[in-house]
Amino acid sequence: MGRVTVKRPVLRIVDGEMRRRPDTLAAEEPLEIRVAGRPLAVTMRTPGHDVELAHGFLLTEGVIGDREDVSTARYCDSVDDHGRNTYNVLDVALAPGVAPPDDSVERRFYTTSSCGVCGKASLDAVRTKTRFAPGDDPVTLTPELLAGLPDALRAAQAVFDSTGGLHGAGLFRADGTLLVAREDVGRHNAVDKVLGHALLEGAIPAAGTILMVSGRASFELTQKAVMAGVPVLAAVSAPSSLAVEMARESGMTLVGFLRGHSMNVYAGSQRIVAEDAPLVGADGP
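- Under an unreviewed UniProt entry, the name given to the protein is Sulfur carrier protein FdhD, and the source organism is Actinomycetospora rhizophila.

Here it is, written out as structure tokens:
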């Protein structure tokens, strides 16, 4: 199995003093996801939790909606110069009766560690229809609970401490309990691993949960949360305009710039309950 971190030599310069030393880096390797032996996608990811990643990817692409939709997932057909398995090709067999990925729209694409939807045929192809409606979720949250989530996610990022180069995603209950956290060089991969874990645990749709991400809230991550039935997405950085649009269309609560006790609620503000906080201004998300 590929390692999560690797050592590489580095020239360290501090206040004019130069010193050579090893540095710990987050590993990045390609993973090819196949369905019934046919290539579907290649993503640059941090090795580990690959089965979760594949399940989460297929869930958020609308191919599967339940763990029973997958019969097997196994590594195959990928060896290095010494004939050893690289564990960089994962073949998924769908259960009988589960339709394969739709070939009417080009869906075989390459994803980098920074962008999970590069190469999509069109924006309409990205707006996948979800089987689960987050807008119907009655969960409510306090600003105080939301304020504690970034630190809780950060505390679960063990590899970030040694590399400083990984995104994190965590799925929380509405009482702040962390259900699962994953790290990856790709923010979309970290989310797929989290949602794939939830799928394998039989916890999709993810009702009454909060998906917390360490970076920005892109359209892509918002779509993934919607596809899993997550009612609340929170990010430490900014959302994109399309992310806000999708959150409002789907009935999801979208929180951005969640830092300390300040945050912006861009959609679904009815879920945020604060007894002692006066609301200034008549209009809101």
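Text resumes after the structure shown.
Notes on the sheet that holds strand β9 (residues 178-184)
Part 1 of the reasoning: Reading across the sheet, the six strands line up as β9-β8-β10-β11-β12-β13 and stay open at both edges, with mixed pairing between neighbours. The open sheet is flanked by β9 and β13 (262-267), the only strands paired with a single partner. On average, each strand axis in the sheet is inclined to that of its neighbour by 20 degrees, with strand direction left out of account.
Part 2 of the reasoning: Note: strand β10 (residues 209-213) against strand β11 (residues 232-235), four bridges, orientation parallel. What sits directly across from I210, in β11, is V232.

Regarding the confidence of the model for the protein
Part 1 of the reasoning: Per-residue confidence for the protein gives a mean pLDDT of 87, with 85% of residues at or over 70.
Part 2 of the reasoning: Between residues 104-108, whose pLDDT stays under 50, and residues either more than four places distant or in other chains, the model counts 13 contacts.

Observations regarding a nonpolar patch on the surface
Part 1 of the reasoning: A cluster of nonpolar side chains, namely L11, I13 and M18, defines an oily patch on the protein surface of about 310 Å² accessible area.
Part 2 of the reasoning: Looking at where I13 falls in the secondary structure, it is placed in strand β1 (residues 5-14).

A few points about the pairing of strand β3 (residues 29-35)
Side chains on a regular strand alternate between the two faces of the sheet.
Part 1 of the reasoning: Taken across its seven residues, β3 has five buried, putting it largely inside the fold.
Part 2 of the reasoning: Of the strand pairs in this sheet, β3 and strand β4 (residues 38-45) are connected by seven bridges, and their pairing is antiparallel. Residue V35 lies in a different strand from β4, and its bridge partner there is R38.
Part 3 of the reasoning: By the bridge criterion, four bridges tie β3 to strand β6 (residues 89-94) in an arrangement that is parallel. Paired with E32 across the two strands is V89, which belongs to β6.

Some details on the packing of aromatic side chains
Part 1 of the reasoning: Enumeration according to the criterion identifies one aromatic pair in this entry.
Part 2 of the reasoning: Considering the side-chain rings of Y75 and Y87, the 5.0 Å spacing of their centres and the 85 degrees angle between planes classify their relative orientation as edge-to-face. Taken as a pair, Y75 in strand β5 (residues 70-75) and Y87 in the loop between β5 and β6 lie far apart in primary sequence, twelve residues in all.
Part 3 of the reasoning: Its relative accessible area of 29% is what places Y87 among the partly exposed residues.

Here we look at unusual backbone geometry
Part 1 of the reasoning: Between I204 and P205 the backbone carries a cis peptide bond, its omega angle lying at 5 degrees.
Part 2 of the reasoning: Along the chain, the position of P205 falls in the loop between α6 (187-200) and β10.
Part 3 of the reasoning: At H49, a position not held by glycine, the phi torsion is positive, near 60 degrees.
Part 4 of the reasoning: Here H49 shows up in the loop between β4 and α1 (50-60).
Part 5 of the reasoning: Despite not being glycine, F257 shows a phi value in the positive range, around 50 degrees.
Part 6 of the reasoning: Tracing the backbone shows F257 in strand β12 (residues 253-259).
Part 7 of the reasoning: A relative accessible area of 31% places F257 in the partly exposed class.

Section: α1
Part 1 of the reasoning: The buried count for α1 comes to ten of eleven residues, which makes it a mostly enclosed element.
Part 2 of the reasoning: Among the residues of α1, those classed as buried are D50, E52, L53, A54, H55, G56, F57, L58, L59 and T60.
Part 3 of the reasoning: Where α1 ends, the next residue or the one after it, G62, has phi of about 80 degrees, a positive value.

A closer look at the packing of α6 against helix α7 (residues 219-227)
Part 1 of the reasoning: For the pair α6 and α7, interaxial distance at closest approach is 10 Å and the crossing angle is 5 degrees. Compared by their axis directions, α6 and α7 come out roughly parallel. Between α6 and α7, the residues in contact are R187, H188, V191, D192 and L195 and E220, L221, K224 and A225, respectively.
Part 2 of the reasoning: Across the contact of α6 with α7, the residue classes tally to four nonpolar, one polar and four charged.

A short note on the pattern of salt bridges
Part 1 of the reasoning: For the structure shown, the criterion picks out nine salt bridges.
Part 2 of the reasoning: For R19, the salt bridge goes to E17, with nearest N and O atoms at 3.0 Å.
Part 3 of the reasoning: Of the charged contacts, one joins R45 and D50 as a salt bridge, the two residues approaching to 2.8 Å between their closest N and O atoms. An identical accessibility class is assigned to R45 and D50; each is buried.

Brief notes about the environment of M44
Part 1 of the reasoning: Within the element layout of this structure, M44 appears in strand β4.
Part 2 of the reasoning: Judged by its relative accessible area of 16%, M44 falls in the buried class.
Part 3 of the reasoning: Note: C-alpha distance between M44 and E32 (twelve residues apart in sequence) is 8.8 Å.

Analysis parameters
Residues numbered from 1 in each chain as written. Predicted model: local features only at pLDDT ≥ 70, side-chain atom pairs only at ≥ 80, totals over all residues. Heavy atoms only, no water. Pairing = 2+ DSSP bridges. Helix = DSSP H or I, 4+ residues; strand = E, 2+ residues; numbered from the N terminus. Axes fitted to C-alpha atoms, helices over the stretch in contact; angles between N-to-C directions. pLDDT = per-residue confidence, 0-100. Contact = heavy atoms within 4.5 Å. Patch = residues over 30% accessible without salt bridge, like charges linked within 9 Å, V, L, I, M, F, W, Y side chains within 5 Å. Areas by Shrake-Rupley, 256 points an atom, 1.4 Å probe, with all protein chains shown as cover. Salt bridge = Lys/Arg side-chain N within 4 Å of Asp/Glu carboxyl O. Buried < 20%, exposed > 50% of the residue type's maximum accessible area, 1.4 Å probe, protein only. Phe/Tyr/Trp six-rings, centres within 6.5 Å; stacked < 30°, edge-to-face > 60°. Parallel < 35°, antiparallel > 145°, perpendicular 65-115°, else oblique. Nonpolar A, V, L, I, M, F, W, Y, C, P; charged D, E, K, R; others polar.

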